[in-house]
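Coordinate inspection notes
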Amino acid sequence: MSTRRLTVAQALIAFLAAQHTERDGHTRRLVNACWGIFGHGNVAGIGQALLESGPTAMPYLQGRNEQAMVHAAVGYARQCDRLATQAVTTSIGPGATNLVTGAALATINRLPVLLLPGDTFATRPADPVLQQLEVPYAGDVSVNDALRPVSRYFDRVTRPEALIPAALAAMRVLTDPAETGAVTLALPQDVQAEAYDWPEEFLAARVWHVRRPAPDPAALAEAAEAVRRARRPLLVAGGGVHHSEAEDALRALADATGIPVASTQAGKGSLRHDHVADVGGVGHTGTAAANDLARAADLVIGVGTRYSDFTTASSTLFADPAVRFVNLNIASFDGHKLAALPLLGDARAGLEALTAALAGHRVPTAYEAEYAAGKRRWERVVERAYAAPDAAARPTQTQVIGALDAVVGDDDVVINAAGSLPGDLHKLWRARSRRQYHLEYGYSCMGYEIPAAIGVRLAAPDRPVWALVGDGTYLMLPTELVTAVQEGVDINVVLIQNHGYASISGLSDAVGGERFGTAYRYRAADGSFTGPPLPVDLAANAASLGARVLRAATVGELRAALATARETAGPTCVYVETETADTVSSAPGTHAWWDVPVAETATRPAAASAREEYDRRATARRHHL
């Protein structure tokens, strides 16, 4: 048997460079680059291997924060429809534990990313070594074990030959559409540098076929019959529609049957906003048009959705006593939710099969007219929210979104994750292409936007990319602006200053918290944060990190700045000040509930009143059995 003598780290990099995915006859490289920050736990192992392999075999990307590196890789993977991703290497200790948040985000959102944290010595020549966690009851535990619950696959490679099954298992999970998420291979620093004679077959090019399983014929027939019997069906498009590239199949089903389509945060853009069947976002941050249909639906067809509490309005939205569910999902776990008829299979294959099974069927004309009228009413709501009659006025947050809507083209990508922006965008944004709307709302992680924008731009260098961030999110993780500058990655950051945690401020007010601890202000004499706003200049901070900064004080200046940013090469930040945290947003109110428990006993009137409202709302919760 032919072998090649390499270190474990060198063999791993050579192995990764030879892995590919294939779907629908299209083959592409699986791991396209490796992000890294080096320390004593990986500099002489993975670091040396990356240096020796060269940028063609495995391009190296230098990050500033380990969590941010995972976000960038996740953004890349999502833009690539989960068919390609990037790796992330760190040292042991804090570098490794900084991966945990990013790993949770990847796994919750079902997005592949490969994590390669260094680990303490397998041979234990010194115990403890620098940054080692000592666990008195176990000698084989390190900080990397914190990654176990947030990884879809975890292994610690304590012997060179153990890399072979571990690496193959890692690729299996990364490429499995039902199982994918964060994959962690913990690499003890001594093992990384140890040499071994590797079989050439292990290092040879390998192609992983990404399957498109069709649903079971009997289940398909049952699902089609359920649709035919339904008077008021509603289809809920989740992120699986995008991951499967099933948008054309969804549009064909909607065109053929007239079934209206609502979307989750991850599924928005499955239909263009101007398609007659698209009724907008569904759930707590959804549109009135979609939520009115959801309340009266007698059949809900979920496609590629995991039914989060925002989608179901904390189990209060689907209110028809006789409502039933059909769930088309590649994951059995998600397919069985809400006591649904599980239609297990690939979203595109399943939609095509369902369309064929429904040949000749169409919803009643009166139902189509009803949701078309609701769609028109909501469009007028959007127009009012976007309208900015006074170009010299300071913009509201929804006017910022409206100004961006007027600038972007069909190919632009808009990225957001946390704060009050996700709710405004889900209600108002007019998605024009399948990957334009990029909301990370599975983990809703502050700090995701800027590094994810880098990942998206690396995956799609010809598409303008916008990261929408509030001041709270920006202060969490601005560091990858330096990476964008260093690599010349052309991203646009829209930085909205509203002096606090605006989203939670509004929620706090609604649940009797009286906006406690949510404003970025000086302390007043009574100890509360009610003094003047802090004199923080985030635009100057972005400029100090190397970005070009355009300040916009008015609606007119904002429109001009956004247009300039779109045509400007290199990282550009558009800075605009809107409302303060105690006025939140000018977006239309929510049309569905979200269950955030309120204090059952309280002396302050605001909390007592909020509890009364909570008890009233909670009566609508139900289990779908």
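On a predicted model such as this, the values are computed, not experimentally measured, just so you know. (Residues numbered from 1 in each chain as written. Predicted model: local features only at pLDDT ≥ 70, side-chain atom pairs only at ≥ 80, totals over all residues. Heavy atoms only, no water.)

**Focus: the sheet that holds strand 2 (residues 19–23)**
Going by this rule: The rule for pairing is simple: two strands pair if DSSP sees at least two bridges between them. Each helix corresponds to a stretch of at least 4 residues labelled H or I by DSSP, and each strand to a stretch of at least 2 residues labelled E; elements are numbered beginning at the N terminus. Only C-alpha atoms enter the line fits that serve as axes; for helices the fit covers just the stretch in contact. Angles between N-to-C directions range over 0 to 180 degrees.
Strand order in the open sheet formed by 3 strands is 3-2-11, with mixed pairing between adjacent strands. The open sheet is flanked by strand 3 (26–29) and strand 11 (206–209), the only strands paired with a single partner. Across this sheet, the average inter-strand angle for adjacent strands is 30°, counted without regard to direction. Strand direction decides the pairing type here: strand 2 and strand 11, joined by 4 bridges, are parallel. Residue pairing across strands places His-20 opposite Val-207, the latter belonging to strand 11.

**Things to note about the sheet that holds strand 7 (residues 113–119)**
Within the open sheet, the 6 strands sit side by side as 5-4-6-7-9-8. Their pairing is parallel. Each edge of the sheet is formed by a strand with only one pairing partner; in this case those strands are strand 5 (60–62) and strand 8 (153–156). When strand polarity is set aside, the average angle formed by the axes of neighbouring strands in this sheet is 20°. Where strand 4 (residues 31–36) meets strand 5, 3 bridges bridge the pair, whose relative direction is parallel. What sits directly across from Trp-35, in strand 5, is Leu-61.

**Notes on the packing of aromatic side chains**
For clarity, the cut-off: Ring geometry is summarised as follows: Phe, Tyr and Trp rings, the Trp one being its six-membered ring, pair when their centres sit within 6.5 Å, and such pairs are stacked at plane angles under 30 degrees, edge-to-face over 60 and tilted between the two. Exposed residues in this analysis have more than 50% of their type's maximum accessible area, buried residues have under 20%, and partly exposed residues fall in between, with area computed by a 1.4 Å probe over protein chains only. Lysine and arginine charges are scored as sitting over a ring when NZ or CZ, respectively, is within 6 Å of the ring centre and within 35 degrees of the ring normal.
What the rule picks out here adds up to 11 aromatic pairs. For the ring pair Phe-38 and Tyr-60, a centre distance of 5.3 Å and an interplane angle of 25° mean the geometry is stacked. Separated by 22 residues along the polypeptide, Phe-38 in the loop between strand 4 and helix 2 (43–57) and Tyr-60 in strand 5 bring together distant segments of the chain. Seen from their ring centres, Phe-310 and Tyr-441 are 5.2 Å apart, and the 70° between their planes marks the pair as edge-to-face. Within this pair, whereas Phe-310 is found in helix 13 (residues 309–312), its partner Tyr-441 is found in the loop between strand 19 (437–439) and helix 19 (449–459), the two being separated by 131 residues in sequence. For Phe-310, a relative accessible area of 10% translates into the label buried. Overall, the relative accessible area of 22% leaves Tyr-441 in the partly exposed class. An aromatic cluster of at least three residues, connected via ring pairs, comprises Phe-15, Tyr-196, Trp-198 and Phe-202. Its guanidinium or amino end placed over the ring of Tyr-437, Lys-268 lies 5.6 Å from that ring's centre, counting from NZ or CZ.

**Some points on the packing of helix 1 (residues 8–17) against helix 6 (residues 163–174)**
In plain terms, the rule: Note: crossing handedness is left-handed where the near helix turns anticlockwise from the far helix by less than a right angle, and right-handed where it turns clockwise. What makes two residues a contact is simply this: any of their non-hydrogen atoms within 4.5 Å. The residue classification treats Ala, Val, Leu, Ile, Met, Phe, Trp, Tyr, Cys and Pro as nonpolar and Asp, Glu, Lys and Arg as charged. All others, Gly included, are polar.
Between helix 1 and helix 6, the least distance of the axes is 11 Å, while the angle of their chain directions is 30°. Handedness of the crossing formed by helix 1 with helix 6: right-handed. Residues Val-8, Ala-11, Leu-12, Phe-15 and Leu-16 of helix 1 form the contact with helix 6, whose own contacting residues are Leu-163, Ala-167, Leu-168 and Met-171. A breakdown of the residues in the contact of helix 1 with helix 6 according to their chemical character gives 9 nonpolar, no polar and no charged.

**As for unusual backbone geometry**
A cis geometry characterises the amide bond from Asp-127 onward to Pro-128, with omega recorded as 10°. Position of Pro-128 relative to the elements: it lies in the loop between strand 7 and strand 8. The phi angle at Arg-110 is positive, at roughly 60°, despite the residue not being glycine. Along the polypeptide, Arg-110 turns up in the loop between helix 5 (99–108) and strand 7. With a phi close to 55°, Arg-124 is a non-glycine residue in the positive phi region. Take Arg-124: it is sitting in the loop between strand 7 and strand 8.

**Let's talk about the side chain of Ser-263**
If you trace the backbone, Ser-263 turns up in strand 13 (residues 261–263). Residue Ser-263 is classed as buried on the basis of its relative accessible area, which comes to 3%. Apart from residues lying up to four places away in sequence, Ser-263 is in contact with Ala-237, Lys-268, Gly-280, Gly-281, Val-282 and His-426.

**Details of the pattern of salt bridges**
Put simply, the rule is: The salt bridge criterion pairs a side-chain nitrogen of Lys or Arg with a carboxyl oxygen of Asp or Glu, the two atoms within 4 Å.
All chains considered together, the criterion is met by 42 salt bridges. Note that Arg-231 and Asp-298 form a salt bridge whose closest N and O atoms lie 3.7 Å from each other. Within this pair, whereas Arg-231 is found in the loop between helix 9 (217–229) and strand 12 (233–237), its partner Asp-298 is found in the loop between helix 12 (288–296) and strand 15 (299–303), the two being separated by 67 residues in sequence. You can call Asp-298 buried: its relative accessible area is 13%. Across the salt bridge formed by Arg-394 and Glu-577, the nearest N and O atoms sit 3.7 Å from each other. With a gap of 183 residues between them, Arg-394 in the loop between helix 16 (365–386) and helix 17 (397–407) and Glu-577 in strand 23 (residues 572–577) connect regions that are remote in the sequence. Residues joined in a network through salt bridges with shared partners are Arg-23, Asp-24, Arg-212, Glu-245, Asp-346 and Arg-348.

**A look at the nonpolar core**
Here is the rule: Buried Ala, Val, Leu, Ile, Met, Phe, Trp, Tyr and Cys residues form a nonpolar core when they are joined through side-chain atoms within 4.5 Å.
Grouped together as the largest cluster of nonpolar side chains are 51 residues, with contacts concentrated most on Leu-235, Leu-250, Val-300, Val-303 and Leu-351. Take this core: its biggest share by element is 6 residues, from helix 9. For Val-300, the contacting residues outside a window of four places in its chain are Leu-234, Val-236, Tyr-307, Phe-318, Val-323, Arg-324, Phe-325 and Val-326.

**Focus on a positive patch on the surface**
So the rule is basically this: Surface patches are defined over residues having more than 30% relative accessible area and no salt bridge, joining like charges when they lie within 9 Å and nonpolar side chains (Val, Leu, Ile, Met, Phe, Trp, Tyr) when within 5 Å. Per-residue and other accessible areas were derived by the Shrake-Rupley procedure at a 1.4 Å probe size, with only the shown protein chains allowed to occlude residues. Neither His nor the chain ends contribute to the count of charged residues, in which Lys and Arg are positive and Asp and Glu negative. Each charge is placed at NZ for Lys, CZ for Arg, CG for Asp and CD for Glu.
Taken together, Arg-376, Arg-377, Arg-380 and Arg-384 make up a surface patch of like positive charges. Tracing the backbone shows Arg-377 in helix 16. Given the relative accessible area of 48%, Arg-377 is considered partly exposed.

**Overview of helix 2**
As a reminder of what qualifies: Helix span is expected to be 1.5 Å times the residue number reduced by one. To obtain the bend at a residue, axes are fitted to the seven residues ending there and to the seven starting there, and the angle between these axes is taken.
Between its terminal C-alpha atoms helix 2 stretches only 18 Å, short of the 21 Å expected from 15 residues at 1.5 Å a residue. Residue Leu-51 marks the point of greatest curvature in helix 2, where the axis turns by about 55°; the proline Pro-55 follows within four residues. Among the residues of helix 2, Gly-45, Ile-46, Gly-47, Ala-49, Leu-50 and Gly-54 are the ones counted as buried. Residues of helix 2 that are buried sit in contact with helix 1, strand 4, strand 5, strand 6 (85–90), strand 9 (182–188) and helix 7 (189–192).

**Thoughts on the environment of Asp-526**
What counts is decided by this rule: Here a polar contact is recorded for every N or O atom pair within 3.5 Å, except that within protein the pair must consist of a potential hydrogen donor and a potential acceptor, and residues adjacent in sequence are included only if both atoms are side-chain atoms.
Looking at where Asp-526 falls in the secondary structure, it is placed in the loop between helix 22 (502–510) and helix 23 (538–544). Among the residues examined, Asp-526 registers a relative accessible area of 63% and is labelled exposed. C-alpha separation for the pair Asp-526 and Glu-613, spaced 87 residues apart in sequence, amounts to 29 Å. Within the structure, Asp-526 has its side chain in polar contact with the side chain of Ser-528 (distance 2.6 Å).

**A look at the side chain of Thr-287**
Looking at where Thr-287 falls in the secondary structure, it is placed in the loop between strand 14 (278–281) and helix 12. Judged by relative accessible area, which is 1%, Thr-287 ranks as buried. Polar contacts involving the side chain of Thr-287 include one to the main-chain amide nitrogen of Ala-290, which spans 3.0 Å. The residues contacting Thr-287, other than those within four sequence positions of it, are Val-279, Gly-280, Gly-281, Trp-378, Lys-427 and His-591.

**A few points about the environment of Gln-132**
Tracing the backbone through its elements, the reader meets Gln-132 in the loop between strand 7 and strand 8. Along the sequence, Gln-132 and Asp-155 sit 23 residues apart, while their C-alpha atoms lie 18 Å from each other. Once residues lying within four places of it in the same chain are set aside, the contact partners of Gln-132 are Thr-120, Ala-126 and Asp-127. In this structure the side chain of Gln-132 is engaged in a polar contact, spanning 2.7 Å, whose partner is the side chain of Asp-127. A distance of 3.0 Å separates a polar atom in the side chain of Gln-132 from the backbone nitrogen of Val-129.

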